[in-house]
Amino acid sequence: MRLPGFMRLRAAPLNVAVIICASACLFGQQPTLQDSLLDSLVGKWVLTGTVGNTPTTHDVEIRWVLNHQFVQIHEVSREKRAGSQAEPQYEAIVLLGWDANKKQYVVYWTDVYGGGFSVRGYAAKMTSSIPIVFKSDDGNFYNTMDYDQSAGTWRWTMDNEKNGVKEPFARLTLKRKKG
């Protein structure tokens, strides 16, 4: 039985979706990510330090998502937007995973500044550090996340690069939330 023309047009998107899903299954996905350094990030944290010269405190929740392929970092400042008692001054959702083809971490950083400021970065695999580089035409941005296993804390050092010179942007520490 042949479908009428209008039914064939409606079925076309469904056929494309089936082909895409079948292709994904055929090629397979990366094995579930097992990474002890990323495991040590998982949990609830309080982030304190300075952005520029301004003190800040954020609540951070980190968990495995998307079939254990990424850790999701959800960061929310305790400081509120001017004129608001509810809206945080800053909020970000970051996905940190492993790019098996490039053999390095991949990071997708999105925040309240919108899509125009969303970035992708990469980091080499190291024992106790994730040195993320976000490349840009006007200068790179560096976010080095260092894990202090004995203290159970993380230090985030963020720097802007201008004309080949790194300038401090933020100095932050993550400590596990109590309770």
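Rules of the game
- Residues numbered from 1 in each chain as written.
- Predicted model: local features only at pLDDT ≥ 70, side-chain atom pairs only at ≥ 80, totals over all residues.
- Heavy atoms only, no water.
- Helix = DSSP H or I, 4+ residues; strand = E, 2+ residues; numbered from the N terminus.
- Buried < 20%, exposed > 50% of the residue type's maximum accessible area, 1.4 Å probe, protein only.
- Contact = heavy atoms within 4.5 Å.
- Areas by Shrake-Rupley, 256 points an atom, 1.4 Å probe, with all protein chains shown as cover.
- 1 Å grid on protein atoms, 1.4 Å probe; cavity = no way out; pocket = protein on both sides within 12 Å on 5 of 7 lines; lining within 4 Å.
- Points joined across faces, edges and corners; volume = space filled by probe spheres on them.
- Pairing = 2+ DSSP bridges.
- Axes fitted to C-alpha atoms, helices over the stretch in contact; angles between N-to-C directions.
- Core = buried A, V, L, I, M, F, W, Y, C linked by side-chain atoms within 4.5 Å.
- pLDDT = per-residue confidence, 0-100.

Our focus in this paragraph is the overall build of the protein. Assigned secondary structure in the protein consists of 2 helices and 10 strands. Written out in order from the N terminus, the α and β elements of the protein read α-α-β-β-β-β-β-β-β-β-β-β. Buried positions account for 34% of the 179 residues belonging to the protein. Of the contacts made within the protein by residues no fewer than 6 positions apart, 34% connect residues no fewer than 24 positions apart. Just so you have it, the protein exposes about 11,600 Å², and 56% of that area is on carbon and sulfur atoms.

On to the layout of surface pockets. A water-sized probe rolled over the atoms picks out the places where empty space is left. In this model, the largest pocket occupies a volume close to 760 Å³. Surrounding the largest pocket, 27 residues form its lining, Y90, D111, Y113, F141 and F169 being those nearest its centre. Secondary structure elements with two or more residues in the lining of the largest pocket: β1 (43-51), β2 (54-65), β3 (70-77), β5 (104-111), β8 (141-148), β9 (153-162) and β10 (165-176). For the lining of the largest pocket, the element with the highest residue contribution is β2, accounting for 4 residues.

Pairing analysis gives 7 bridges linking β3 to strand β4 (residues 91-99), with the strands arranged antiparallel. By the bridge assignment, Q72 is partnered in β4 with L95. Where β4 meets β5, 8 bridges bridge the pair, whose relative direction is antiparallel. Residue pairing in the sheet places L96 in a bridge with V107 of β5. Where β4 hands over to β5, the hairpin turn is made up of 4 residues, of which K103 adopts a positive phi near 55°.

In this section: the side chain of T157. On the secondary structure map, T157 appears in strand β9. Classification of T157 as buried rests on a relative accessible area of 18%.

Read around the closed barrel, the 10 strands follow the order β1-β2-β3-β4-β5-β6-β7-β8-β9-β10; overall the barrel is antiparallel. Pairwise comparison of adjacent strand axes, ignoring direction, gives a mean angle of 25° for this sheet.

Below, the discussion takes up the nonpolar core. Core analysis: the largest hydrophobic core is formed by 32 residues, its most contacted members being L38, L41, W109, I130, W154 and W156. Looking at this core, the element that brings in the most residues is β4, giving 4 residues. Apart from the residues within four sequence positions on either side, W156 is in contact with L47, I73, E75, W109, N143, T144, M145, A170, R171, L172 and L174.

Turning our eyes to something else, we now look at the environment of G139. Here G139 shows up in the loop between β7 (129-134) and β8. Through-space distance from the C-alpha of G139 to that of G164 is 7.5 Å; in sequence the pair is 25 residues apart.

We now examine the confidence of the model for the protein. Caution applies to low-pLDDT regions: their predicted coordinates should not be interpreted in detail. Residue-level pLDDT values for the protein average 87, and 83% of them are 70 or greater. For the stretch residues 18-26, pLDDT sits under 50, and the model shows 0 contacts to residues farther than four places along the chain or on other chains.

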